[in-house]
Every structure is written in structure tokens, then in C-alpha cells.
Amino acid sequence: MGTSEALTNGRLGATAASRGRAARALLASFMLAGVVGVWKGLAPALDPRKEFYWLFSYQYGFIRRGLMGTLVHPLLKVWSFADLKPMIIGAHVIACVAIIVALQMFFQDAVRRNQRWEARITLALSFLCLMGSPLMPVLAHDAGYVDVYLMAVVLTALWFVVHERYVAAALTVVIGPLIHEGFVFLWCPVAIMLAWSCAMLKADRAKKLILAAVPFLCTVGVIWYHDQTALRLSMAAWPASDEVKGAHMAYTFGQTLHSSFDHMSRYEFPGHWGNFMIAVAYSLVPSLLLLWAAVFCYWQRWTARWPTLLVAVAATLSPLPIVALGWDLSRFLSWSNLAAAIVLIGAGAPTLTSLGPDDA
Amino acid sequence: MPRRAIHAVVLNLALVAGAAFYLLSPTVYAYFSEVSMSYSRVPAWFAATAPASMTARIFARYNAGSPIAARFRKRLPCYLVDAGARQNQDCAHDIGRGQLVYGPPNFKIPSGRYVAWFGFSRDEACAAGEVRLEVDTKWWSDSGGGPSGGRFRKTLATYAGRIEPGDRIELPFTLKLVDAALGAVEFRAVGVSDCVLLSRIELNEIPAPLR
């Protein structure tokens with residue numbers, strides 16, 4: 001190698017290193033937007049309707065949504081539940097911040113892998129848009145719910161997938177349905193991208209398909225092995241009002257897919273289509289922007305452009321069928337913001353998307 | 001300018017605009033029939049920004065058909081909280097000196113012009129007395145509350161004076177867009193002297209004048 005070539009390589013290396021540092025600093029500053037979102041939305045106290053997540057455990061037998069209560073149960077020997085409530089809120093805040101950090105790491109990885117300067121800027125600004133979106137405030141608002149832990153499981157598994165560690169990913173996603181059966185909806189974007197990558201890429205097809213299916217199989221198992229007697233004992237031991245308990249027996253544990261859909265189609269959707277469209281339009285704009293960013297950054301590299309775009313759209317919208325089963329509109333619509341981020345991350349990940357060379 | 005550069009500029013501006021809009025907007029928590037908006041722990045000036053008023057405008061009529069608000073309006077006194085005052089079986093409230101009744105909790109109605117009227121009667125314990133009546137809007141976290149709770153309280157209408165049994169006090173007020181979006185309407189009655197019996201509260205919307 002001649003001297004001038006070595007100098008050029010050295011300069012290029014230094015430029016790449018300084019660009020990497022600049023990108024890291026920019027993404028780190030954008031995390032503040034997510035922190036502001038958490039602060040903006042954080043509920044000050046644990047809603048009594050959400051206490052059962054932390055009190056119901058496997059002590060009487062296996063029940064749905066009993067994992068978090070089982071993990072907390074030993075602490076009740078040391079502290080009263082009233083003392084634990086601030087800790088639950090504190091843990092929720094920590095989990096929200098962990099999600100912000102995890103997403104920043106994904107976007108940093110995506111920026112680093114991209115050679116085009118305009119795509120790097122767009123990816124960084126996409127992270128800013130995600131941090132400003134309704135995702136973080138709604139997540140913080142729902143302190144006491146377990147959605148934040150479901151998202152942590154999804155992002156952890158996604159990390160393993162991007163780094164081709166499918167067994168670790170499978171072991172991670174087993175936890176999701178034990179926390180809440182709704183995990184499968186949050187998992188859908190990853191599952192769809194795994195399935196698509198099997199169609200387009202030859203490597204690890206069996207592992208990817210099994211991984212995609214694991215949460216669905218686990219959910220069936222959770223519902224199958226749920227012990228109604230254990231639930232009744234847990235409910236009896238819960239010092240909540242009869243009104244709250246009755247509502248949970250009817251609407252949390254007493255619903256099937258069919259009865260949930262029936263309730264929604266009879267009582268929630270009729271007369272409220274206008275409200276529904278307003279909430280959808282408001283909440284989904286960030287998802288559309290992230291999808292647009294994915295097209296801008298990776299369209300020229302996708303080997304099957306239009307099919308990949310269709311898959312990306314489907315994956316972004318895939319958590320939304322849960323709206324047909326539950327009336328927490330903002331809570332479920334914000335899941336699409338995370339789904340769009342997963343799509344943007346996956347659209348540029350060689351393990352999930354068939355990509356051509358990056359000709360910068 | 002190359003097409004891709006134009007595309008980049010447009011997209012990046014949209015991303016930044018979107019980020020700024022949603023960051024400054026309140027936390028929107030919607031169900032199918034009602035929505036609440038809040039700023040939990042950020043400075044008050046967030047509520048004075050353009051995204052806050054735009055969001056309030058987007059969701060301006062969302063709560064118009066709220067079943068909870070409809071239930072409250074049918075029998076408002078039954079949903080009031082007694083802080084010292086005493087509620088009887090007919091949902092009337094004996095309010096003595098220094099005693100307070102307030103509520104209902106998280107009463108969300110659309111913006112507009114309203115008249116609240118307070119009806120008083122008598123029972124064995126209470127008849128005439130002095131009272132202060134208020135219609136407030138209170139911005140608070142969805143889980144917050146209490147007689148003096150709430151981050152920001154604004155009084156929309158007030159009355160202070162002597163009440164005789166059979167009196168009916170009307171308080172017209174205007175609920176502005178951002179107040180309706182971020183706050184909940186609260187009725188308060190504080191006893192100043194003797195004891196009064198608050199037996200009815202009703203709320204009627206004043207139709208907008210025809211142009």
C-alpha cells in the first residue's frame with residue numbers, strides 16, 4: 001500500500017469514527033425526547049384496577065397473567081403491598097427508560113450499518129420521531145399495566161434475532177404470554193418479518209419459523225392450563241372492592257375471543273366510529289412516518305421491493321387487530337408505533353430482509 | 001436538486017415536525033366513547049403551545065357522547081364527594097360551616113357555554129345559611145384528585161351569599177377548548193355559615209347563537 005493510499009484510508013477511518021461519534025451523540029440527545037414523553041405521561045400512583053397484575057400469583061395454581069405477581073410475591077413477605085406500590089411505579093419508570101435505551105441501540109446499529117449519509121440522517125430523525133410519538137407517554141400513563149415488560153421482551157428477542165441467536169430469542173419470548181396473552185399481538189411484527197425472511201433468505205429457516213410460532217403456542221398453553229379455581233382463590237384473597245373484582249372476573253378473565261369481539265361490536269364500535277377514526281388518525285401518523293423512512297432508506301436495496309413493502313405495511317399494522325378485542329384505544333394504537341420501529345429496524349437487518357449491496 | 005435530496009428534505013422535515021408536534025402535545029388516552037388528555041410532570045407552558053391547542057381541537061367533540069358524563073349529569077349530587085359535608089339517602093348534602101362538597105370525579109364535557117344551577121331545600125338539620133359555590137376546571141393526572149388536588153385549577157364561575165330553602169342559583173360559564181381538553185369540570189360548595197342543604201345540581205348547555 002502506498003503512502004497516499006494509507007493516508008487516505010487513515011482519513012476515511014478517522015472520518016467514519018467521527019461520524020459514528022456524532023451519530024451516537026445525536027441519538028443520545030434524542031433519547032431525551034423519550035424521557036420527556038415518559039415524564040409527560042407518567043401516572044402518579046398505581047390504579048387499583050391494575051393491582052391484580054402484582055398480587056395474583058401461582059400460589060394457588062397456574063393462572064393467566066400470574067407471572068409478575070409470582071415474581072413480586074416473595075417481596076410481600078418483607079413489605080406490605082402499600083409499600084410496594086411506589087416500587088412498582090419506580091420499576092415501571094426504569095423499564096420505560098430501558099426501552100428508550102434499547103431502541104437507541106437498535107437505531108445506532110442501523111445508522112452504523114448504513115453507508116448513505118441521507119439515510120443515516122433519516123434513521124436518526126426517525127428515532128426522534130419515535131421518541132416524540134404517543135408510544136412513550138401512553139406507556140408511562142399505563143404504570144401498573146405490564147405492557148412495558150411485554151415490549152421489553154419483544155425488543156430483547158429482536159436483538160437476539162438481529163444477531164442470529166434464535167435459541168436465546170425463543171427462550172426469551174416464552175416469557176411473554178406468561179405475563180399477558182396480548183403479547184402475541186406485539187410479537188406479530190417480528191413474526192411476520194421472520195416468516196418473510198424465510199421466504200427470501202435460505203439461512204436458518206427452520207429456526208426462524210419455530211421462533212415465530214413459539215409465542216402463539218405458548219399462549220395456547222397458557223389459556224389451556226389456566227386454573228379457574230386458582231383464579232377464584234386469588235380473587236377472594238384480593239382486598240379490592242366487589243365492583244372492581246366483578247369487573248375483572250367479567251372483562252379480564254371471563255372473556256373469550258368470541259365474547260370480547262361480540263362486546264366490542266355491540267357496545268364499543270357502534271356510534272363511535274367517528275371517535276375511532278379520530279384516534280386512529282392521531283395515533284398512527286408516527287407509524288406512517290417511520291414506514292416512509294424505511295422505504296426511503298432501504299427501497300433501493302430490497303431485492304423484492306413491492307412485496308417487501310407490503311410485508312412492512314402488514315407488520316406495522318399487525319398489532320392492531322387487538323382493538324377488535326379490547327377498548328383501550330390509545331394503549332393498543334400506540335403498539336403500532338413500536339411495530340413501525342421494529343419494521344424500520346428489520347427492513348435494514350440482513351437477518352430479516354433480503355438486501356442488495358449498499359452502493360453509497 | 002436531485003430527486004432523492006428533495007425526498008430526504010421533505011421526509012426529514014416531516015419527521016422533525018411530527019416529533020415536535022407529539023412531544024408538545026398532551027398525553028392522549030382514548031377509549032371509544034371518551035378521551036382524557038394530560039400533562040403529568042412537565043411545565044405548564046406545554047399547554048400553551050400550538051400542538052396542545054391543535055390536539056384539543058382534534059378531540060374537541062370526542063366526549064360529546066360520553067356515557068359516564070351522561071350518567072353524572074342525570075344525578076350530579078349523587079356523585080359528589082363530601083369533605084366534611086354529609087350526604088343523605090336522596091343524595092342531598094348537608095353543608096355546614098367550613099364543610100365542603102365537590103365533584104364529580106373526572107367529569108369531562110366538550111367545550112362550550114353552559115349554565116350550572118344549584119338547588120337548595122331544607123331538612124331537620126339544615127335550612128338557610130351562607131355558602132360559596134364554584135364551577136372550576138381542574139387539570140390533573142387521571143389518577144390524581146382530592147379537594148385541593150390537581151395541578152392547575154381555574155374558577156369559571158362563582159357565587160357567594162346567603163341561601164334560603166327553595167333558592168336556585170344559576171352560574172353560567174364558558175368552558176374553553178384547552179380547558180375542556182386538559183381539565184375536568186368540578187362543582188364545589190363550601191359552607192360559610194350555618195347549614196344549607198344542597199339538593200340538586202343540573203348542567204345545561206347554552207346553544208351557540210345563530211349567525
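Please read all numbers here as calculations on a predicted model, not as lab measurements. (Residues numbered from 1 in each chain as written. Chains lettered and ligands numbered in written order. Predicted model: local features only at pLDDT ≥ 70, side-chain atom pairs only at ≥ 80, totals over all residues. Heavy atoms only, no water.)

**Side note on the packing of helix H7 (residues 147–162) of chain A against helix H18 (residues 335–347) of chain A**
Residues and elements named next belong to chain A. Following both chains from N to C, one finds H7 and H18 inclined at 10°, their axes separated by 12 Å at the closest point. For the element pair H7 / H18, the angle class is roughly parallel. Residues Asp147, Met151, Val154, Leu155 and Leu158 of H7 form the contact with H18, whose own contacting residues are Trp335, Leu338, Ile342 and Ile345. Its residues placed into classes, the contact of H7 with H18 shows eight nonpolar, no polar and one charged. (Axes fitted to C-alpha atoms, helices over the stretch in contact; angles between N-to-C directions. Helix = DSSP H or I, 4+ residues; strand = E, 2+ residues; numbered from the N terminus. Parallel < 35°, antiparallel > 145°, perpendicular 65-115°, else oblique. Contact = heavy atoms within 4.5 Å. Nonpolar A, V, L, I, M, F, W, Y, C, P; charged D, E, K, R; others polar.)

**Details of the pairing of strand E6 (residues 100–107) of chain B**
Residue and element names in this part refer to chain B. Burial analysis of E6 places six of its eight residues in the buried class, which makes it a mostly covered element. Pairing between strand E3 (residues 81–83) and E6: three bridges, direction antiparallel. Bridge pairing in E6 places Ala83 opposite Leu100. Inspection of the sheet shows E6 paired to strand E11 (residues 183–206) by five bridges, in the antiparallel sense. Across the sheet, residue Phe107 finds its bridge partner in E11, namely Val185. (Buried < 20%, exposed > 50% of the residue type's maximum accessible area, 1.4 Å probe, protein only. Pairing = 2+ DSSP bridges.)

**Digging into the state of the cysteines**
Residues and elements named next belong to chain B. Overall, the coordinates contain two disulfides over all chains when judged by the stated rule. Across the disulfide, Cys78 is cross-linked to Cys91 (sulfur-sulfur distance 2.0 Å). One quick way to see it: the torsion about the S-S bond of Cys78 and Cys91 is about 105°, and its sign makes the bridge right-handed. Of this pair, Cys78 sits in the loop between helix H3 (67–74) and E3 while Cys91 sits in the loop between strand E4 (86–87) and strand E5 (93–96), and the two are 13 residues apart along the sequence. Note on Cys78: relative accessible area 22%, which makes it partly exposed. Each sulfur in the disulfide pair Cys126 and Cys195 lies 1.7 Å from the other. Around the S-S axis, the bridge from Cys126 to Cys195 shows a dihedral of about 40° and counts as right-handed. Of this pair, Cys126 sits in the loop between strand E7 (112–121) and strand E8 (129–139) while Cys195 is found in strand E11, placing the two residues 69 residues apart along the sequence. Owing to a relative accessible area of 19%, Cys195 belongs among the buried residues under this scheme. (Disulfide = S-S within 2.5 Å.)

**Quick look at the interface of chain B and chain A**
Between chain B and chain A, the residue contacts involve 38 residues of the former and 50 residues of the latter. Between chain B and chain A, the buried area comes to about 3,800 Å², and carbon and sulfur atoms account for 66% of it. Three residues stand out in chain B for area buried against chain A, namely Arg4(B), Tyr22(B) and Phe32(B), and they jointly supply 25% of the buried area on that side. Counting every contact that joins chain B to chain A gives one salt bridge. A salt bridge links Glu118(A) to Arg4(B), with the shortest nitrogen-to-oxygen separation between them at 2.6 Å. Joining chain B to chain A, the criterion identifies 19 residue pairs in polar contact (both at pLDDT 80 or more). Those elements that provide at least two residues to the side of chain B that touches chain A are helix H1 (3–24), strand E1 (27–30) and helix H2 (50–58) of chain B. (Buried area = accessible area lost by both parts, 1.4 Å probe. Salt bridge = Lys/Arg side-chain N within 4 Å of Asp/Glu carboxyl O. Polar contact = N/O pair within 3.5 Å; in protein donor to acceptor, adjacent residues only side chain to side chain.)

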